[in-house]
Amino acid sequence: MPVQVLEESYEKVTVVFEGFPRVYVNSIRRASMSLVPVMAIDDVVILENTSSFYDEVIAHRLGLIPLKTPLEKYLIPSECDCKSALGCPKCRVLFVLDAEATDKVRDVLSAELVSEDEEVKPVSPNIPIIKLAPGQKIKLEAYAKLGRGKSHSKWQATSAAVLRSYPLVALNESCNNCGMCVSACTKDVFSIRNGKLKVDNPLNCNLCFECLESCQAEPKGINVKEDEDKFILTIESSGGMAAREILVQAVKEVIKLVDDVIDKFSGEVLPVEKEK
Ligand code: SF4
Ligand code: SF4
Ligand SMILES: [Zn+2]
């Protein structure tokens, strides 16, 4: 099977690619970080701010709150025909924040951001925005838009995207079950059970080769190498979309780039110029 899912949750997906060159899988990894669009607050109109925070600090904090993103519902502003700086209902979502502290100091949390679209909201209600002292107030409008991580990290759909080699760990007959490799390995790949060395978690291996260094058997009691035909890609979502959706979108973004090149060069081939 060329693509196999090793583990999957909303936040994280780990996939083994077999028979794909490393650079192809790496292009998917890079696209997941820099090309997959996700929602983030981009414009903030401060209507009232009597807190001790500068307007710019509040706007910056709002921009970094990860937002749930129903990708199919909105257009990237540069691809929308409105061409308006504040966008239109097809390319932006309005949030309103109206918070006040009365008798004691309090935190203003992301749950207080009221969105005009129920599907676009902070991934957690407990992200602190600012602190207000008694009598202080903040009132603002904020506009969230789709963007790409290559423009600003607030639009990065992933919190991590890692490509690693597929490890192959095997025992040899020369192993005397001394257990030195068990303590040398920090990834819990081995254990000794009933006096015998076992390979419990071969995919935990990060190919550091410390186990081979520690093994005094001759020849070495284990073989550790990378499978040159397989790679493991792990994508962690920053919360806006399921990790699986980010992976699929990343592949689509790579295909789009390749299609652009094909379109550009699919015209008539020019004749070779004759030498003068
Ligand atoms: S190469 Fe490193 S991580 Fe892999 S099994 Fe050996 S010690 Fe553990
Ligand atoms: S592989 Fe080497 S270090 Fe590990 S148990 Fe066998 S002989 Fe000992
Ligand atoms: Zn628009």
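Residues numbered from 1 in each chain as written. Chains lettered and ligands numbered in written order. Predicted model: local features only at pLDDT ≥ 70, side-chain atom pairs only at ≥ 80, totals over all residues. Heavy atoms only, no water.

K.L.:
An account of the domain arrangement of the protein is needed here, citing residue identities and associated values.
P.N.:
Considered domain by domain, the protein is made up of domain 1 (3-34 + 159-234) and domain 2 (39-151). Distance between the C-alpha centres of domain 1 and domain 2: 42 Å. (Domains from an automatic or database assignment.)

K.L.:
So what's going on with the packing of aromatic side chains? Which residues, and what values?
P.N.:
Here the structure, examined in full by the defined rule, presents one aromatic pair. With centroids separated by 5.4 Å and ring planes inclined at 90°, the aromatic side chains of Phe17 and Phe20 adopt a geometry described as edge-to-face. According to the relative accessible area criterion, Phe20 is partly exposed, its value standing at 31%. Cation over ring: Lys154 sits above Trp155, and NZ or CZ is 4.7 Å from the ring centre. Here Lys230 stacks its cationic end above the ring of Tyr166, 4.4 Å away from the centre of that ring. (Phe/Tyr/Trp six-rings, centres within 6.5 Å; stacked < 30°, edge-to-face > 60°. Buried < 20%, exposed > 50% of the residue type's maximum accessible area, 1.4 Å probe, protein only. Lys NZ or Arg CZ within 6 Å of the ring centre and 35° of its normal.)

K.L.:
Requested: an account of helix 2 (residues 55-63), with residues and values cited.
P.N.:
Every α-helix carries 3.6 residues per turn, so stepping three or four residues along brings you back to the same face. Residues of helix 2 that are buried include every one of Ile58, Leu62 and Gly63, and no others. The arc that holds the buried residues of helix 2, viewed along the axis, is 140°, so those residues lie on one side. Tucked inside the fold, the buried residues of helix 2 contact strand 3 (38-49), strand 7 (128-132) and strand 8 (137-147). (Helix = DSSP H or I, 4+ residues; strand = E, 2+ residues; numbered from the N terminus. Arc of directions from axis to C-beta. Contact = heavy atoms within 4.5 Å.)

K.L.:
Break down the coordination of the zinc ion (ligand 3) for me, with residues and values.
P.N.:
The zinc ion (ligand 3) binds to the protein through Cys80 (SG), Cys82 (SG), Cys88 (SG) and Cys91 (SG); the donor distances cover 2.2 to 2.3 Å. Around the zinc ion (ligand 3), the four donor atoms sit at angles spanning 102 to 115°, and that spread fits a shape best called tetrahedral. Between consecutive donors of the zinc ion (ligand 3), the numbers of intervening residues give the motif C-x1-C-x5-C-x2-C. Overall, Cys88 belongs to the buried group, its relative accessible area being 14%. (Donors = N, O, S within 2.8 Å, 3.2 Å for Na, K, Ca; no water. Tetrahedral: all angles 85-135°; square planar, octahedral: opposite > 155°, others 65-115°.)

K.L.:
Lay out the site of ligand 1 in plain terms, naming residues and giving numbers.
P.N.:
By nearness alone, every residue bordering ligand 1 is listed as Cys185, Lys187, Val189, Phe190, Cys205, Asn206, Leu207, Cys208, Phe209, Glu210, Cys211 and Val224. Classifying every residue of the shell around ligand 1 by side-chain character gives nine nonpolar, one polar and two charged. (Near = heavy atom within 4 Å. Nonpolar A, V, L, I, M, F, W, Y, C, P; charged D, E, K, R; others polar.)

K.L.:
Account for the environment of Asp98, with residues named and values stated.
P.N.:
Mapping Asp98 onto the fold places it in strand 4 (residues 93-100). Residue classification places Asp98 among the partly exposed residues on the basis of a relative accessible area of 46%. Apart from the residues lying within four places of it in its own chain, the contact partners of Asp98 are Lys137, Ile138 and Lys139.

K.L.:
Describe in detail the sheet that holds strand 4, supporting the description with residues and values.
P.N.:
Think of a sheet as strands paired side by side through backbone hydrogen bonds, with each pair either parallel or antiparallel. Judged by pairing direction, the sheet is antiparallel, and its four strands sit side by side in the order 3-8-4-6 without closing on themselves. Looking along the sheet, the strands with just one partner apiece sit at the ends: strand 3 and strand 6 (114-115). In the sheet, strand 4 pairs with strand 6 via two bridges, with the strands oriented antiparallel. Bridged to Val96 within strand 6 is Val114. Where helix 2 meets the sheet, it contacts strand 3 and strand 8, and its direction lies at approximately 155° from that of strand 3. (Pairing = 2+ DSSP bridges. Axes fitted to C-alpha atoms, helices over the stretch in contact; angles between N-to-C directions.)

K.L.:
Lay out the side chain of Ser237 in plain terms, naming residues and giving numbers.
P.N.:
The residue Ser237 is located in strand 12 (residues 222-237) in this model. The class of Ser237 is buried, set by a relative accessible area of 8%. At 2.8 Å, the side chain of Ser237 and the backbone nitrogen of Gly239 are in polar contact. (Polar contact = N/O pair within 3.5 Å; in protein donor to acceptor, adjacent residues only side chain to side chain.)

K.L.:
Got a sec to walk through the site of ligand 2? Specific residues and values, please.
P.N.:
The environment of ligand 2 is made up of Cys175, Asn176, Asn177, Cys178, Gly179, Met180, Cys181, Leu197, Cys215, Ala217, Gly221 and Ile222. For the shell around ligand 2, the per-class residue count stands at eight nonpolar, four polar and no charged.

K.L.:
How would you sum up the pairing of strand 12? Please name residues and give values.
P.N.:
Where strand 2 (residues 12-18) and strand 12 come together, seven bridges link them in antiparallel fashion. Along strand 12, the bridge assignment pairs Thr14 with Thr234. Inspection of the sheet shows strand 9 (residues 158-171) paired to strand 12 by 13 bridges, in the antiparallel sense. Each bridged residue has a counterpart across the sheet, and for Ala161 the counterpart in strand 12 is Ile235.

K.L.:
Help me get a handle on the sheet that holds strand 12, residues and values and all.
P.N.:
Across the sheet, which stays open at both edges, the four strands sit in the order 1-2-12-9 with antiparallel pairing between neighbours. Whereas interior strands pair on both sides, the edge strands pair on one side only; in this sheet they are strand 1 (3-8) and strand 9. For this sheet, the mean angle separating the axes of adjacent strands, direction not counted, is 30°. With respect to the sheet, helix 1 (residues 22-34) is in contact with strand 2, strand 9 and strand 12, its orientation differing from that of strand 9 by roughly 150°.

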